[in-house]
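Below are the chains, spelled out letter by letter.
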There are 2 protein chains.
Amino acid sequence: MVTIADVAQAAGVSISTVSYVMSGKRTISQDTKERVERAIDALEYRPHASARSLASRSTNVIGLQAPLRSGVDVHVVMEIVAGIVREARMHQYDILLLTSDDAEGLHRATRASMVDALLLMDVESDDPRIATLRELATPSVLVGLPRGAEELTCVDFDFEAAGRMAAERLIALGHRRVALLGSPREVIDRHTSYAERLSRGFLAACAEHDVPATVHQCPTTHESVRVLNAVLAEHPDVTGLFIHNEGALAHIAARAATIDGLEAIALCPSDIARTVPTLVDSIDLPAEGLGSAATQAIIALLAGESTPKVRLLPAVLASSRGASEPERAEVAGR
Amino acid sequence: MVTIADVAQAAGVSISTVSYVMSGKRTISQDTKERVERAIDALEYRPHASARSLASRSTNVIGLQAPLRSGVDVHVVMEIVAGIVREARMHQYDILLLTSDDAEGLHRATRASMVDALLLMDVESDDPRIATLRELATPSVLVGLPRGAEELTCVDFDFEAAGRMAAERLIALGHRRVALLGSPREVIDRHTSYAERLSRGFLAACAEHDVPATVHQCPTTHESVRVLNAVLAEHPDVTGLFIHNEGALAHIAARAATIDGLEAIALCPSDIARTVPTLVDSIDLPAEGLGSAATQAIIALLAGESTPKVRLLPAVLASSRGASEPERAEVAGR
DNA sequence: GTGAAAGCGCTAACAG
DNA sequence: CTGTTAGCGCTTTCAC
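Residues numbered from 1 in each chain as written. Chains lettered and ligands numbered in written order. Predicted model: local features only at pLDDT ≥ 70, side-chain atom pairs only at ≥ 80, totals over all residues. Heavy atoms only, no water.

If you check an unreviewed UniProt entry, chain A appears there as LacI family transcriptional regulator from Agromyces albus.

Structural data, given as C-alpha cells:
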C-alpha cells in the first residue's frame, strides 16, 4: 500500500508538505508542488480514507435512506438516487446506503462517525425518523415535506403547484369535470406527503374554477383500468384525467384513448411521458434533479452556508400541443 | 463523543479489555464482561468506524456498483439491491454505492481502502471492469456471468435453464411454434449476458423438440405490442409466448389475451406475475434472493472460505395451473 | 515556504 | 484473565 510517507520520500519533502499540497491549505512553492504531484501520480497514491477521516473528523460520506418498499415508484426512486450519487461525486462525496425505515440505522451511521450527513427519502407526513434526526443533530436533508419538520431542511418537487397546474390545464382545455388517478393505497395510507399535497393543489384549483373533481387511489398494475371504469361509471361526465401513478399510467392512458372525448395529463418523468403518446400534456417530475438538489442542499449545510429550510422544485408543463414556452410555477417558500 | 477510553473508565478496566469484550477474541471473566457491556449500553458507545478500520485494516463496507442506466429492469434491480443491503447488514456490513460503469470508481474505493470487497451488477459479456478487478485483486463478486471471468466469483440466476424450462412448458402445453419476447435493444446491444443465456436455453430446447422458435427484442413500453403484432403477422402459427421484459409484460399479456389460442409464460419476480392474471405460468426471477446470494458469496470470500466460482440460482416454475410441486432445474456449475 | 511531532480512536501484539 | 503500548495513515498545530 502506498502511503503519504512514500510520496513524501519520492518527492523529497516532508509528510506535511504532501498533505498541504493535497488540501491546498497553505501556500506551496510551484517547484515542490509539482514534484509532489508528480510523485502522487507516479505512485498512484490515494489517501487512506479511514486515516484521513480519523484525523480530520469528517468522512466525506453521506448516508442515504432510500425506500425499497412497496408502492413506491421504482423508476422515480432510481432516478433520484442516480441524481444524488452523481451530484455527491461531483463534490467528492460518497453515498452509504442505509437500510430504509429504521431509526437504528441512522443512529449507527452517525454515532459510529460513518457519515458526515444524512439524506432521507420517502418521508411520511409524521415520520418517526424526524425525532431521531433532531436528537442526532447531524446535518440532514429530507427529500419530501413532512408536517412537523420546521427546523429541518427539506427539498422536494412542488406537488401542490403541479396539482394546481394540472387542474388548470384540464380546465383550460375545456373539461368541466375532472379526476385525479393517483398513488396506490399503501402510499396513501402511509400519508406520504407528496400524494396529499398533489391532491390538495388539484382540488383547490378545481374548486376555484367551480369544476367538480374527485381523487382516486390506483393500484400500480393493469387493475388500475378498473378504477378508471368505476370512475366513469359513477361520473359519466368526467372528461379530464390527471394521472400520477407510473405503474398505472400506460394502462389508464391506453384505455382512456379508446373513449371518445377523454383527455389525460400525467405527472411523471419526461422520458416516461414520451412512451405514452396518447397523453395531451404532461408535467415533468424532475426526479434526477430532485436528487441533485437534495445533495446540493446537504453540501451547502456541510459547508456552513445558509440554505433555505424548504426548497421546492417548480412544476413545468411539457405540453405536447406545441406550447412555445413551458409554463412555470413559482418557487414556493414556507 | 464517547470513546473506548470512556467505556474503559466507566467499567474500571483497560481499553484493551473493552476491545476484547467487543470482539470476543479472548476469554473474559463473566464479571468484567458484564461490567463492560453495561458501560457500553449506558454510554451508548459505538466504536468509531474509521479508527477501527485504520487499526484493523478492514472497513466492514462492501462497494456496490448498481446499474442506474436505461433498459434495465428497475424493479428487479431494486429488489436485488434490497437483498444485498439486507444480507450485508445481517453480517455487520454496510454498502457503499459506487456510481456505475466506471472502472475509476472501483479504483478509488479500493485504493483508498474504503471497502473490503466489491459487488458488481449488470455485467456485460465482455465487461471492461473485469480487467480492473483482476488488477485490483480485491475480493469481488459479479452478479452476472460474463465470458472471460474464469477466476472471478459469479452469482446469477440460471437464465439458460429458465429458457429451457419455458420452452419445454410451452411445448408440453401443446404449442408447436413459439416466440421469446425479450429485453430491449439497449440490453441486447450491450451483450448483457443474461439475455443471451436465456435465448440460448430457449432456442436449444425448442430445437431438441423440433419446435420452430424465434427471439425478439422488445421496447419496455406499450410499443412492445407492435412487436407482438409483427411476430404474429410473420408467423401466424405462433401460439406460445415467453415474455422476459418487465415493462412490456403487462401490455403484451393484455394484447395476447385478446387473441384466441395464444398462451403466454413470463420470467419475472413473482409479485409482478401476480398482477398479470392472463399468464398461463410464470418462472420466478428471485431478485432479492440473488442479492442475498451474491452477498453471501462475498462474505464467504472475505472469511477465506472456499466458495464455488459460479453459483446459479435454479429456475422454478410457478404454475398458475395448480402444479402441486414446482419443477426445479438443477444447479449448474462451470 | 517547509518540517517535526502530537494526536485522532482503535486493534493487537507483548507482557504479565 | 487483564493491562500497557506500539502502531494504523493521516491532519494540523507549533516551530523555524
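The rest of the description comes next.
As a further point, take empty space enclosed by the protein. Evaluated as defined, the whole model comprises one cavity of 30 Å³ or more. By volume, the largest cavity is sized at about 130 Å³. Residue lining of the largest cavity: Ala66, Leu68, Val77, Met78, Val81 and Leu97 of chain A together with Ala66, Leu68, Val77, Met78, Val81 and Leu97 of chain B, and that is the complete set. Of all the secondary structure elements, the ones that give two or more residues to the lining of the largest cavity are helix H5 (74-90) of chain A together with helix H5 (74-90) of chain B. Here the lining of the largest cavity is composed, by residue class, of twelve nonpolar, no polar and no charged. (1 Å grid on protein atoms, 1.4 Å probe; cavity = no way out; pocket = protein on both sides within 12 Å on 5 of 7 lines; lining within 4 Å. Points joined across faces, edges and corners; volume = space filled by probe spheres on them. Helix = DSSP H or I, 4+ residues; strand = E, 2+ residues; numbered from the N terminus. Nonpolar A, V, L, I, M, F, W, Y, C, P; charged D, E, K, R; others polar.)

Angle between the axes and distance between the axes are the two parameters that describe a pair of packed helices. The N-to-C vectors of helix H4 (residues 49-56) of chain A and helix H4 (residues 49-56) of chain B enclose an angle of 135 degrees; their axes lie 8 Å apart at closest approach. Taken together, H4 of chain A and H4 of chain B sit at an angle that is classed as oblique. When the axes of H4 of chain A and H4 of chain B are compared, the crossing they make is left-handed. Contacts between H4 of chain A and H4 of chain B involve Ser50, Ala51, Ser53 and Leu54 of chain A from the first element and Ser50, Ala51, Ser53 and Leu54 of chain B from the second. Broken down by class, the residue content of the contact of H4 of chain A with H4 of chain B amounts to four nonpolar, four polar and no charged. (Axes fitted to C-alpha atoms, helices over the stretch in contact; angles between N-to-C directions. Parallel < 35°, antiparallel > 145°, perpendicular 65-115°, else oblique. Left-handed = near helix turned anticlockwise from the far one by under 90°. Contact = heavy atoms within 4.5 Å.)

Looking now at unusual backbone geometry. Residue and element names in this part refer to chain A. Phi is positive for Glu44, which is not a glycine, with a value near 55 degrees. Mapped onto the secondary structure, Glu44 falls in the loop between helix H3 (30-43) and H4. Positive phi values are uncommon outside glycine, yet His191 reaches one of about 60 degrees. Mapped onto the fold, His191 is located in the loop between helix H9 (185-189) and helix H10 (193-208). The exposure class of His191 is partly exposed, given its relative accessible area of 43%. (Buried < 20%, exposed > 50% of the residue type's maximum accessible area, 1.4 Å probe, protein only.)

Right, let's talk about the interface of chain B and chain A for a bit. If you look at the interface, chain B gives 41 residues, while chain A gives 42 residues. Overall, the association of chain B and chain A removes approximately 3900 Å² of surface from exposure, summing both partners, and the carbon and sulfur fraction of that is 65%. Interface area lost by chain B to chain A is led by Arg46, Met78 and Arg111 of chain B, which between them contribute 18%. At the junction of chain B with chain A, the criterion picks out six salt bridges. For the pair chain B and chain A, the interface holds twelve residue pairs in polar contact (both at pLDDT 80 or more). (Buried area = accessible area lost by both parts, 1.4 Å probe. Salt bridge = Lys/Arg side-chain N within 4 Å of Asp/Glu carboxyl O. Polar contact = N/O pair within 3.5 Å; in protein donor to acceptor, adjacent residues only side chain to side chain.)

Turning next to the layout of surface pockets. Here the second largest pocket is characterised by a volume of approximately 1400 Å³. Pro47, His48, Ala49, Arg52 and Ser53 of chain A are the residues nearest the centre of the second largest pocket, which is lined by 44 residues in total. Counting residues per element, the ones that place at least two in the lining of the second largest pocket are helix H2 (15-23), H4 and strand S2 (94-98) of chain A together with H4 of chain B. Per-element accounting of the lining of the second largest pocket gives the leading share, seven residues, to H4 of chain A.

Among the 28 residues in the neighbourhood of DNA strand D, the closest are listed as Ile4, Tyr20 and Tyr45 of chain A together with Arg26 and Arg57 of chain B. Near the protein, within 4 Å, the atoms of DNA strand D are sugar or phosphate in 54% of cases. A distance of 2.8 Å separates a phosphate oxygen of DNA strand D from a polar atom in the side chain of Arg52 of chain A. Here a phosphate oxygen of DNA strand D and a side-chain polar atom of Arg57 of chain B are 2.7 Å apart. Elements with a minimum of two residues in the surface near DNA strand D: H2 and H4 of chain A together with helix H2 (15-23) and H4 of chain B. Taken together, the residues that form the surface near DNA strand D break down as twelve nonpolar, eleven polar and five charged. (Near = heavy atom within 4 Å.)

The next subject is the nonpolar core. Counting residues in hydrophobic clusters, the biggest one holds 112 residues, and the most contacted among them are Phe157, Phe242 and Ile283 of chain A together with Phe157, Phe242 and Ile283 of chain B. With near-sequence residues (within four places) excluded, Ile283 of chain B lies in contact with Phe157, Ala162, Met165, Ala166, Phe242, Ala266, Leu267, Cys268, Ala315, Val316 and Leu317 of chain B. (Core = buried A, V, L, I, M, F, W, Y, C linked by side-chain atoms within 4.5 Å.)

As a further point, take the pattern of salt bridges. Counted according to the given criterion, the structure contains 32 salt bridges over all chains. Between Arg134 of chain A and Glu151 of chain A there is a salt bridge, and its shortest N-O distance comes to 2.3 Å. Of this pair, Arg134 of chain A sits in helix H7 (residues 128-136) while Glu151 of chain A sits in the loop between strand S4 (140-143) and strand S5 (153-157), placing them 17 residues apart in sequence. Note that Arg35 of chain B and Asp31 of chain B form a salt bridge whose closest N and O atoms lie 2.9 Å from each other. On the criterion of helical spacing, the pair formed by Arg35 of chain B and Asp31 of chain B is a turn pair, its members being four residues apart in helix H3 (residues 30-43). The partly exposed category is assigned to Arg35 of chain B, whose relative accessible area is 30%. Among the residues examined, Asp31 of chain B registers a relative accessible area of 48% and is labelled partly exposed. A single network of salt bridges, built from pairs that share partners, joins Arg89 and Asp94 of chain A together with Arg108 of chain B.

The UniProt record marks residues 2-56 of chain A with the feature "domain: HTH lacI-type" (unreviewed entry), using the residue numbering of this structure. With 71% helix and 0% strand, residues 2-56 of chain A has its two end C-alpha atoms placed 20 Å apart. (UniProt positions renumbered as here; feature names shortened; annotations may be inferred.)

Let us look at the relation of the copies chain B and chain A. Least-squares fitting of chain B to chain A yields an RMSD of 0.1 Å, with the superposition described by an axial translation of 0.0 Å and a rotation of 180 degrees. Taken together, the turn and the small shift mark the pair as related by a two-fold rotation axis. Taken as a fraction of all interface residues of chain B, those also at the interface in chain A reach 100%, which identifies the copy contact as same-surface. (Least-squares fit on C-alpha atoms with pLDDT ≥ 70 in both.)

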